[in-house]
Amino acid sequence: KPMIQLHKKTSMRISLLFLLLFVFIGAGMPKAFGQTTEPTEFAIKVSLHGMGNSGDSINPTNGKLSNKDPDFPQRAVSISVYTTANQLVTTKTDTITYDYDANLFRATVDMGNLASGTYIIKIRSPRYLQKSVQGTVVVAKGKIVTIPEVTLPAGDINSDNKIDILDYNILRGCYSEVLPATFCDNSRLLLSDLSDDGVVNSYDYNLFIREIGQTGD
């Protein structure tokens, strides 16, 4: 009888082990066994012409006259990922926040399940041209990838990725340093205020003139 009881206990233990194994497989392997559900993230730094330490296209590093206390310290940003053959893989939108110590904008952006590989990264924000990050970026899936700083020229008021006469006409309609604006609603005012200080004046005008003629990537 003791031998029979021992066999029964052993059989029950084996059955329990198979049950646990079934549950284990059904639930999926934990991270310790190599699986990960962590998203790929991009840590980005963005300099915007006319703000912080960023200057303009003629003097990009001269930020003496740039606004270091923007009215909107948070703003939208889009990050587009392309293959090295310039084929779009994905675009994500998020919010960049002004860093008052570094005088530029930062964000850590969830890029979802972006696969490991080598990519071209392009960044854009409203009223600024889209620009590519210098060189290519090597991405490891499920990791935080530090993206090289990118600088965006100001003045793409109508969001066509060009700074031209169409943008100039909108800015001119909102110019109000001496006389009231001739043609300007709240939306146009917000986009024409390149220095982000609440008014459209000679600073915005001069910054625009230094940027006009450029196109984005």
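All values derive from a computational prediction rather than experimental measurement. (Residues numbered from 1 in each chain as written. Predicted model: local features only at pLDDT ≥ 70, side-chain atom pairs only at ≥ 80, totals over all residues. Heavy atoms only, no water.)

Now for the overall build of the protein chain. The helix and strand inventory of the protein chain stands at 4 helices and 11 strands. Out of the 217 residues in the protein chain, the part that is buried amounts to 37%. Of all intrachain contacts in the protein chain linking residues separated by at least 6 positions in sequence, the fraction that spans at least 24 positions is 60%. Accessible area of the protein chain: about 12,700 Å², with a carbon and sulfur share of 57%. (Helix = DSSP H or I, 4+ residues; strand = E, 2+ residues; numbered from the N terminus. Buried < 20%, exposed > 50% of the residue type's maximum accessible area, 1.4 Å probe, protein only. Contact = heavy atoms within 4.5 Å. Areas by Shrake-Rupley, 256 points an atom, 1.4 Å probe, with all protein chains shown as cover.)

Taken as a whole and judged by the stated rule, the model has 5 aromatic pairs. Where Tyr98 meets Tyr100, the ring centres are 4.8 Å apart and the plane angle is 90°; that geometry is what we call edge-to-face. The ring of Tyr82 has Lys122 lying over it, and the distance from NZ or CZ to the ring centre is 4.3 Å. (Phe/Tyr/Trp six-rings, centres within 6.5 Å; stacked < 30°, edge-to-face > 60°. Lys NZ or Arg CZ within 6 Å of the ring centre and 35° of its normal.)

Ranked by size, the top nonpolar core spans 38 residues in total, and within it Phe42, Ile44, Val46, Ile79, Ile121 and Ile123 carry the most contacts. Not counting residues up to four positions away in its chain, the partners in contact with Val46 are Ile96, Leu104, Phe105, Ile123, Val150 and Leu152. (Core = buried A, V, L, I, M, F, W, Y, C linked by side-chain atoms within 4.5 Å.)

The topology assignment puts Asp164 in the loop between β11 (154-156) and α2 (165-174). With no salt bridge to any partner, buried Asp164 finds its closest opposite charge in Lys162, at an N-O distance of 4.2 Å. A polar atom in the side chain of Asp164 sits 3.1 Å from the backbone nitrogen of Leu166. With sequence-adjacent residues up to four places away left out, Asp164 is seen in contact with Phe208 and Ile212. (Lys, Arg positive; Asp, Glu negative; His and termini not counted. Salt bridge = Lys/Arg side-chain N within 4 Å of Asp/Glu carboxyl O. Polar contact = N/O pair within 3.5 Å; in protein donor to acceptor, adjacent residues only side chain to side chain.)

So, about the state of the cysteines. Counted according to the given criterion, the structure contains 1 disulfide. For Cys174, the disulfide goes to Cys184, at an S-S distance of 2.0 Å. A torsion of 95° about the S-S bond marks the disulfide between Cys174 and Cys184 as right-handed. Of this pair, Cys174 sits in helix α2 while Cys184 sits in the loop between α2 and α3 (186-192); the two residues are 10 residues apart in sequence, bridging distant segments of the chain. (Disulfide = S-S within 2.5 Å.)

With that settled, the discussion passes to the pattern of salt bridges. In this structure the tally under the stated criterion is 6 salt bridges. Residue Asp156 pairs with Arg124 through a salt bridge whose shortest N-O separation is 3.0 Å. Of this pair, Asp156 sits in strand β11 while Arg124 is found in strand β5 (residues 117-124), placing the two residues 32 residues apart along the sequence. Residue classification places Arg124 among the partly exposed positions, given a relative accessible area of 21%. A salt bridge links Arg127 to Asp196, with the nearest nitrogen and oxygen atoms 3.8 Å apart. You can see Arg127 sitting in strand β6 (residues 127-128) and its partner Asp196 sitting in the loop between α3 and α4 (202-211), a full 69 residues away along the chain. Assigned by exposure class, Arg127 and Asp196 land together as buried.

Not every positive phi belongs to a glycine, and Arg127 is a case in point at roughly 70°. Classification of Arg127 by relative accessible area gives buried; the value is 5%. Non-glycine residue Asn161 carries a positive phi angle of around 65°.

A pair of packed helices is captured by two measures, namely the crossing angle of their axes and the spacing between those axes. Packing of α2 against α4 leaves a shortest axis separation of 11 Å and a crossing angle of 175°. Taken together, α2 and α4 sit at an angle that is classed as roughly antiparallel. Residues Asp167, Tyr168 and Leu171 of α2 lie in contact with α4, whose contacting residues are Asp204, Tyr205, Phe208 and Ile209. For the contact of α2 with α4, the per-class residue count stands at 5 nonpolar, no polar and 2 charged. (Axes fitted to C-alpha atoms, helices over the stretch in contact; angles between N-to-C directions. Parallel < 35°, antiparallel > 145°, perpendicular 65-115°, else oblique. Nonpolar A, V, L, I, M, F, W, Y, C, P; charged D, E, K, R; others polar.)

A separate point is the confidence of the model for the protein chain. Chain-level pLDDT for the protein chain is 88 on average; 83% of the residues reach the 70-or-more range. Per-residue pLDDT stays below 50 along residues 17-30; that stretch engages in 5 contacts with residues further than four places along the chain or on separate chains. (pLDDT = per-residue confidence, 0-100.)

Our next topic: the pairing of strand β2 (residues 74-82). Counting buried residues in β2 gives 7 out of 9 residues, a clear majority hidden from the surface. The hairpin turn running from β2 into strand β3 (residues 88-99), its antiparallel successor, is 5 residues long, and Asn86 in that turn takes a positive phi close to 65°. Relative to β5, β2 runs antiparallel, the two sharing 5 bridges. Of the residues in β5, the one forming a bridge with Ile79 is Ile123. (Pairing = 2+ DSSP bridges.)

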